[in-house]
Every structure is written in structure tokens, then in C-alpha cells.
Amino acid sequence: MTTYFPDDQCKLHVTVYNITEEQHKDIQHIRGNVFDFVSYLNQNAIFHSVAHPMYSVNGKLSVHHFEKCLLLFRNFEINGARNETQNKALVHVLGRLSPDLMDELAEKHQLAPLHQYPWQKRLTGGSDDHSSLTIACRYTEVPQAN
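Here the structure is a predicted model, which means the values were calculated and not measured.

Participant: Can you break down the overall build of the protein residue by residue, with the values?
Facilitator: Counting secondary structure elements, the protein contains five helices and five strands. Reading the helices (α) and strands (β) of the protein from amino to carboxyl end gives β-β-α-α-β-α-β-α-α-β. Here the protein holds 146 residues, and the buried ones make up 38% of them. Counted over contacts in the protein with a minimum sequence separation of 6, partners at least 24 positions apart contribute 68%. With an accessible surface of roughly 8,600 Å², the protein has 49% of that area assigned to carbon and sulfur atoms.

Participant: Please set out the packing of helix 1 (residues 21-30) against helix 2 (residues 34-43) residue by residue, giving values where relevant.
Facilitator: For the pair helix 1 and helix 2, the least separation of the axes is 9 Å and the interaxial angle reads 155°. With respect to each other, helix 1 and helix 2 are oriented roughly antiparallel. In the crossing of helix 1 with helix 2, the sense of the turn from one axis to the other is right-handed. The residues of helix 2 that touch helix 1, namely those facing Gln-23, Asp-26, Ile-27 and Ile-30, are Asp-36, Phe-37, Tyr-40 and Leu-41. A per-class count over the contact of helix 1 with helix 2 returns five nonpolar, one polar and two charged.

Participant: An account of the side chain of Thr-3 is needed here, citing residue identities and associated values.
Facilitator: With respect to the helices and strands, Thr-3 occurs in strand 1 (residues 2-4). Residue classification places Thr-3 among the buried residues on the basis of a relative accessible area of 0%. Looking at Thr-3, its side chain comes within polar contact range of the main-chain oxygen of Arg-31, at 2.6 Å. Leaving out residues up to four positions away in the same chain, Thr-3 has contacts with Cys-10, Lys-11, Leu-12, Val-14, Arg-31, Asn-33, Val-34 and Phe-37.

Participant: Account for the packing of helix 3 (residues 63-72) against helix 5 (residues 99-109), naming residues and giving values.
Facilitator: At a minimum axis separation of 10 Å, helix 3 and helix 5 run at an interaxial angle of 120°. With respect to each other, helix 3 and helix 5 are oriented oblique. Relative to helix 5, helix 3 is oriented so that their crossing is left-handed. Residue-level inspection shows His-64, Glu-67, Lys-68, Leu-70 and Leu-71 of helix 3 in contact with helix 5, the latter providing Met-102, Leu-105, Ala-106, Lys-108 and His-109. Classifying every residue of the contact of helix 3 with helix 5 by side-chain character gives five nonpolar, two polar and three charged.

Participant: Can you tell me about the packing of aromatic side chains, naming the residues and giving the values?
Facilitator: Counted under the stated rule, the structure contains five aromatic pairs. When the centroid spacing of 5.8 Å and the interplanar angle of 75° are considered together, the rings of Phe-5 and Phe-35 count as edge-to-face. Within this pair, whereas Phe-5 is found in the loop between strand 1 and strand 2 (11-16), its partner Phe-35 is found in helix 2, the two being separated by 30 residues in sequence. Between Phe-73 and Phe-76 the ring centres are 6.5 Å apart and the planes differ by 75°, which places this aromatic pair in the edge-to-face class. An identical accessibility class is assigned to Phe-73 and Phe-76; each is buried. Taken together, the ring pairs in this structure connect Phe-66, Phe-73 and Phe-76 into an aromatic cluster.

Participant: Please give an account of the nonpolar core that cites residues and values.
Facilitator: Counting 28 residues, the largest nonpolar core has Leu-70, Phe-73 and Phe-76 as its most contacted members. Ignoring any residue separated from it by four or fewer positions in sequence, one finds Phe-73 in contact with Leu-12, Val-14, Val-34, Val-38, His-48, Val-50, His-115 and Lys-121.

Participant: Please give an account of the pairing of strand 2 that cites residues and values.
Facilitator: By the alternation rule, side chains of strand 2 split into Leu-12, Val-14 and Val-16, which are all buried, and Lys-11, His-13 and Thr-15, of which none is buried. With three bridges joining them, strand 1 and strand 2 adopt antiparallel strand pairing. From the neighbouring strand, Tyr-4 faces strand 2, where its bridge partner is Lys-11. Once strand 1 ends, the chain turns through six residues before running back antiparallel as strand 2, passing Gln-9 with a positive phi of about 60°.

What counts, and at which threshold
- Residues numbered from 1 in each chain as written.
- Predicted model: local features only at pLDDT ≥ 70, side-chain atom pairs only at ≥ 80, totals over all residues.
- Heavy atoms only, no water.
- Helix = DSSP H or I, 4+ residues; strand = E, 2+ residues; numbered from the N terminus.
- Buried < 20%, exposed > 50% of the residue type's maximum accessible area, 1.4 Å probe, protein only.
- Contact = heavy atoms within 4.5 Å.
- Areas by Shrake-Rupley, 256 points an atom, 1.4 Å probe, with all protein chains shown as cover.
- Axes fitted to C-alpha atoms, helices over the stretch in contact; angles between N-to-C directions.
- Parallel < 35°, antiparallel > 145°, perpendicular 65-115°, else oblique.
- Left-handed = near helix turned anticlockwise from the far one by under 90°.
- Nonpolar A, V, L, I, M, F, W, Y, C, P; charged D, E, K, R; others polar.
- Polar contact = N/O pair within 3.5 Å; in protein donor to acceptor, adjacent residues only side chain to side chain.
- Phe/Tyr/Trp six-rings, centres within 6.5 Å; stacked < 30°, edge-to-face > 60°.
- Core = buried A, V, L, I, M, F, W, Y, C linked by side-chain atoms within 4.5 Å.
- Pairing = 2+ DSSP bridges.

Below is the structure:
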């Protein structure tokens, strides 16, 4: 799904899993505002992951947007189609988050974290393959999943 920061239309891609047709229709009405979009996903217990979070889809992504993503999202994608440096930087940043840093970001952006332990992040894998060139380069493995 594509969503946007409402103040400047910075575009984000978010992978959304296992939704119904009705949820898809609902999302189409709110996805223009990332804050409403993520709130809806959380309220409806819809698993989601911000895709290629260090790649600027429309040239507007800034450090401030990324910091807000740290407050909004629990799951971040390691991406198979993007520069590996971005993946390594993401792992580095996420691995160094702390309660104090998240408190600082929340105050700086006047945005409460949407998860109880916002410094604890999870990684998903996505090939982002639109052409069969990077198929399965990255994937998410879920032990003991049915």
C-alpha cells in the first residue's frame, strides 16, 4: 500500500498482510494520511511492515520522516531490490534504539510511539521483485507457522 505524510506528501510503501476485501476498501479511504492508516492497521490487528524504509519513493523522505517512522512502525523491511548499504544502515540504526532515544524522538516530533516498547523493532524480508530479477533475494521466515 502507498501512504503519505499529510504535511508534505512524502510517500511511503507499507506491506500489509492478510486483509479482507472490506479492509482493503477501508484502507483506500484513509491511506492518504500515514497517521490514520497506521492507526487503522493497529486497531484492526493487521500485520504490516514499512517497505524499503530508507528509500525515498518520491524524493521527499528526510531524516525527520524516518524518525517518525521509528515512532509509528514496529516492523521494518530488509529489501532485496534496494542497495545493500540501505539494509545494513537500517539494521545498524534499529539495533541501537533505546528507551531514552525514543522518548527524545517522541518529544521532538510531538508524536507518541504506537507500540509499548518502541525501541524494539522486528525485521521482515521482501524481494520487492517486480521483474523476476530479485525474486526471493529477501524473505521472511516464520518458524512453526502453519
